[in-house]
Amino acid sequence: MMKAIVQDRYGAPDVLALREVERPSVGPRDVLIEVRASAVNSGDARLRAMRVPGGMALFARLAFGLFAPRRPTLGAELSGVVREVGSAVTRWRAGDEVFALSGMRMGAHAEFCVLPEDGCIARKPAGLPFADAAALAFGGTTALDFFRRAKLAKGEELLVYGASGAVGTAAIQLAHHAGARVTAVCSAGNAALVRELGADRVIDYRAEDFTKSDARYDVVMETVGALSFRQCERVLRPRGRLLLVSASMGQMLSAPWFNATTDKRVIAGPVTERVEDVEALAHKVAAGTYRAVIDRRYTLEQIAEAHTYVDTGRKKGSVVVTIG
Ligand SMILES: NC(=O)c1ccc[n+]([C@@H]2O[C@H](COP(=O)([O-])OP(=O)(O)OC[C@H]3O[C@@H](n4cnc5c(N)ncnc54)[C@H](OP(=O)(O)O)[C@@H]3O)[C@@H](O)[C@H]2O)c1
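*Asks:* Please provide a residue-by-residue account of the site of the ligand, values included.
*Replies:* In the vicinity of the ligand lie 26 residues, with Ser42, Ser187, Tyr205, Arg314 and Lys315 positioned nearest. Interatomic distance of 2.8 Å between a side-chain N/O atom of Arg46 and an oxygen atom of the ligand. Between Gly269 and the ligand, the recorded distance is 3.2 Å, taken from a backbone N or O atom to a nitrogen atom. Within the complex, 84% of the 940 Å² of free accessible area of the ligand lies under protein. Listed by contribution, the elements that provide at least two residues to the shell around the ligand are helix H1 (42-49), helix H4 (137-150) and helix H5 (166-177). For the shell around the ligand, the element with the highest residue contribution is H4, accounting for three residues. Among the residues forming the shell around the ligand, the class breakdown is 11 nonpolar, 12 polar and three charged. Each of two domains, domain 1 (2-136 + 292-322) and domain 2 (138-268), supplies a minimum of three residues to the shell around the ligand.

Laid out in structure tokens, this is it:
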């Protein structure tokens, strides 16, 4: 048996309960990881409440459970120690310290999590605390995937809207070290943080509306879900790319029309999780060019408080839950 956070219905943070459940079984190609830390991400909070971007509700319920979650334990990223491996596993051994994306399988808000050996698992950078390792992958792999699809190039001007969140703080660092010039849009209180991460310019969205300014960008990354195509199109250079990390169904459906009728391109849709990206993040941590930004820490028992904070939509980087 093990402790896990379970929910029997969608709703407010009080639907989350700490229970004793069966420890997941290990198939021949699986690894059992003892979870030391996990993150409560914006995606966890959305799924807990079934609060999804406009027009996505039916698809989300079909995918995750019509009236109640099909997988009752949330948690899409974790760090921990491999405790058991299946008979056919060659890549991992008991005792290995790792961090991983459990992604759509979820299940990381528990004492143990089973993942396939070829899942998004990487060795934890030496000396990095488990809490920091647990928050490396969600924002980092999202930014890497969108930048790859956008072909973000050295010397290009990138604007990140929602720059102080998990995706934003990762995006700033990864783009800065890839040689892009980064403008970060966030609230004034987070200006020092985003500058420290590598932003060349910071805009406080309460003081200045960047969509009405004369500055132009090669790539705009919108992580908040608050801006329209037309607002962003105005500030994109010819052949500019608009990355809608949190796109509504309407935006996804109208993206092909936008792409066909302008000299700019919208890139939206779910991220493809790749083990190469998780490994690349580990290398960047070792090289000192990437780190997880951690806002608050909670214990597994305090998970409802962690969700309540994530629900504010104002966290800085990640919220981490330590286990055991
Ligand atoms: N496509 C995919 O597969 C994929 C993958 C990962 C994430 N996502 C989605 O991407 C979104 C961002 O994720 P996240 O984890 O980075 O979120 P987050 O950590 O909750 O960050 C949200 C950030 O948005 C800023 N913000 C809130 N309200 C704002 C407003 N009205 N105007 C401007 N900024 C505002 C806040 O900064 P201030 O406090 O400074 O205002 C906060 O730091 C989520 O909707 C998530 O579901 C999608």
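*Asks:* Tell me about the sheet that holds strand E12 (residues 236-244), and please be specific about residues and values.
*Replies:* Pairing in this open sheet of six strands is parallel, and the strands run E10-E9-E8-E11-E12-E13 from one edge to the other. Across the chains shown, the open sheet's two edge strands, defined by having one partner strand only, are strand E10 (201-204) and strand E13 (265-268). Adjacent strand axes in the sheet meet at a mean angle of 15° when their direction is disregarded. Relative to strand E11 (residues 217-222), strand E8 (residues 157-161) is paired through four bridges, and the arrangement is parallel. If you follow Leu159 over to E11, its bridge partner there is Val220.

*Asks:* Break down the packing of H4 against helix H9 (residues 275-287) for me, with residues and values.
*Replies:* Packing of H4 against H9 brings their axes to within 10 Å, and their N-to-C directions diverge by 115°. Classified by the interaxial angle, the pair formed by H4 and H9 is roughly perpendicular. H4 and H9 meet at a crossing whose hand is right-handed. Listed contacts from H9 to Ala137, Gly140, Thr141, Leu144, Asp145 and Arg148 of H4 are Asp277, Val278 and Leu281.

*Asks:* Describe the side chain of Glu222, listing the residues and the values that go with them.
*Replies:* Within the element layout of this structure, Glu222 appears in strand E11. Although Glu222 is buried, it makes no salt bridge; Arg46 carries the closest opposite charge, 9.0 Å away. Polar contacts involving the side chain of Glu222 include one to the main-chain amide nitrogen of Ala226, which spans 2.7 Å. In contact with Glu222, not counting residues within four places along its chain, are Tyr161, Leu227, Leu243, Leu244, Val245 and Ser246.

*Asks:* Quick one: what's the story with the packing of aromatic side chains, residue by residue and with numbers?
*Replies:* The geometry of an aromatic ring pair comes down to the distance between the two centres and the angle between the two planes. Overall, the coordinates contain three aromatic pairs when judged by the stated rule. Among the aromatic side chains, those forming a connected cluster through ring pairs are Tyr161, Tyr205 and Phe210. When the ring centre of Phe146 is taken as reference, the NZ or CZ atom of Arg149 above it lies at 4.5 Å.

*Asks:* Which residues make up the domain arrangement of the chain, and what are the values?
*Replies:* Per the domain assignment, the segments of the chain are domain 1 (2-136 + 292-322) and domain 2 (138-268). Put simply, the middle of domain 1 and the middle of domain 2, counted by C-alpha atoms, are 27 Å apart. The interface of domain 1 with domain 2 comprises 18 residues on the first partner and 20 residues on the second. Where domain 1 abuts domain 2, roughly 1300 Å² becomes buried across the two surfaces, and 56% of that area is made up of carbon and sulfur atoms. Three residues stand out in domain 1 for area buried against domain 2, namely Met56, Val293 and Arg314, and they jointly supply 32% of the buried area on that side. Linking domain 1 with domain 2 are six residue pairs in polar contact (both at pLDDT 80 or more). Looking at the side of domain 1 that touches domain 2, the element that brings in the most residues is H1, giving three residues. Along the lines of polarity and charge, the residues of the side of domain 1 that touches domain 2 split into six nonpolar, seven polar and five charged.

*Asks:* Any details on the pairing of E12? Residues and values, ideally.
*Replies:* Sheet faces and side chains relate simply in a regular strand, where the side chains alternate between the two faces. Where E11 lies against E12, five bridges are found, and the strand directions are parallel. Each bridged residue has a counterpart across the sheet, and for Val219 the counterpart in E12 is Arg241. Following the backbone out of E11, through helix H7 (residues 229-235) and into the adjacent parallel E12, one traces a crossover that is right-handed. Summarising the sheet, E12 and E13 pair through four bridges and their orientation is parallel. Considered in E13, the bridge of Leu242 is made with Val266.

*Asks:* Lay out the environment of Gly165 in plain terms, naming residues and giving numbers.
*Replies:* Position of Gly165 relative to the elements: it lies in the loop between E8 and H5. It is 17 Å that separates the C-alpha atoms of Gly165 and Pro53, two residues lying 112 residues apart in sequence. If near-sequence neighbours (up to four positions away) are discounted, Gly165 is found in contact with Lys315 and Gly317.

*Asks:* How would you explain the side chain of Lys315 if you had to name every residue and give the values?
*Replies:* Residue position: Lys315 is located in the loop between helix H10 (303-310) and strand E15 (318-322). Buried and unpaired, Lys315 has no salt bridge, with Asp295 as the nearest side chain of opposite charge at 7.6 Å. Among the polar contacts made by the side chain of Lys315, one reaches the main-chain carbonyl oxygen of Gly317 at a distance of 2.9 Å. Once residues lying within four places of it in the same chain are set aside, the contact partners of Lys315 are Val40, Ser42, Ser164, Gly165, Ala166, Asp295, Tyr309 and Val310.

Cut-offs applied
- Residue numbers run consecutively from 1 along every chain, following the written order of its sequence.
- Per-residue local features are limited, in this predicted model, to residues with pLDDT of at least 70; the limit for side-chain atom pairs, both in listing and counting, is 80 or more; totals at the level of whole chains, interfaces and linings are taken over all residues.
- Only heavy atoms go into the side-chain values, all of them from the structure, while hydrogens and water stay out.
- What makes a residue near a molecule or strand is one non-hydrogen atom of that residue sitting within 4 Å of it.
- Any pair of nitrogen or oxygen atoms within 3.5 Å is treated as a polar contact; in protein, a donor-acceptor pairing is required on top of that, and neighbouring residues in sequence qualify only through side-chain atoms on both sides.
- Per-residue accessibility takes into account occlusion by the displayed protein chains alone, with areas from the Shrake-Rupley method and a 1.4 Å probe.
- By the criteria applied, helices consist of DSSP H or I runs no shorter than four residues and strands consist of E runs no shorter than two, each listed in order from the N terminus.
- When residues are sorted by character, Ala, Val, Leu, Ile, Met, Phe, Trp, Tyr, Cys and Pro go into the nonpolar class, Asp, Glu, Lys and Arg into the charged class, and all the rest, Gly among them, into the polar class.
- The split of the chain into domains comes from an automatic or database domain assignment.
- Here a strand pair is declared whenever DSSP counts at least two bridges between the two strands.
- In this analysis an axis means a line fitted to C-alpha atoms, helices contributing only their contacting stretch, and an angle means the value between N-to-C directions, from 0 to 180 degrees.
- If an angle is under 35 degrees, it is roughly parallel; if it is over 145, roughly antiparallel; if it lies from 65 to 115, roughly perpendicular; otherwise it is oblique.
- Handedness of a helix crossing follows the sense of rotation of the near helix relative to the far helix, less than a right angle counterclockwise being left-handed and clockwise being right-handed.
- For this analysis, residues touch if any pair of their heavy atoms sits within 4.5 Å.
- A simple rule labels every residue: compare its accessible area, found with a 1.4 Å probe on the protein chains alone, to the largest value its type can have, and call it buried under 20%, exposed over 50%, or partly exposed in between.
- Positive charges come from Lys and Arg, negative ones from Asp and Glu, while His and the chain ends are left out of the count.
- By convention in these notes, a salt bridge is any Lys or Arg side-chain nitrogen within 4 Å of a carboxyl oxygen on Asp or Glu.
- Each Phe, Tyr or Trp ring, with Trp reduced to its six-membered ring, pairs with another whose centre is within 6.5 Å; inter-plane angles below 30 degrees give stacked pairs, above 60 give edge-to-face pairs, and intermediate values give tilted ones.
- Here, a charge over a ring is recorded when the distance from Lys NZ or Arg CZ to the ring centre is within 6 Å and its angle to the ring normal is within 35 degrees.
- Note: buried area is the sum, over both parts, of the accessible area (probe 1.4 Å) each one loses when the two are combined.
- When the strands point away from the viewer and the connection leading from the first strand across the helix to the second strand turns clockwise, the crossover is called right-handed.

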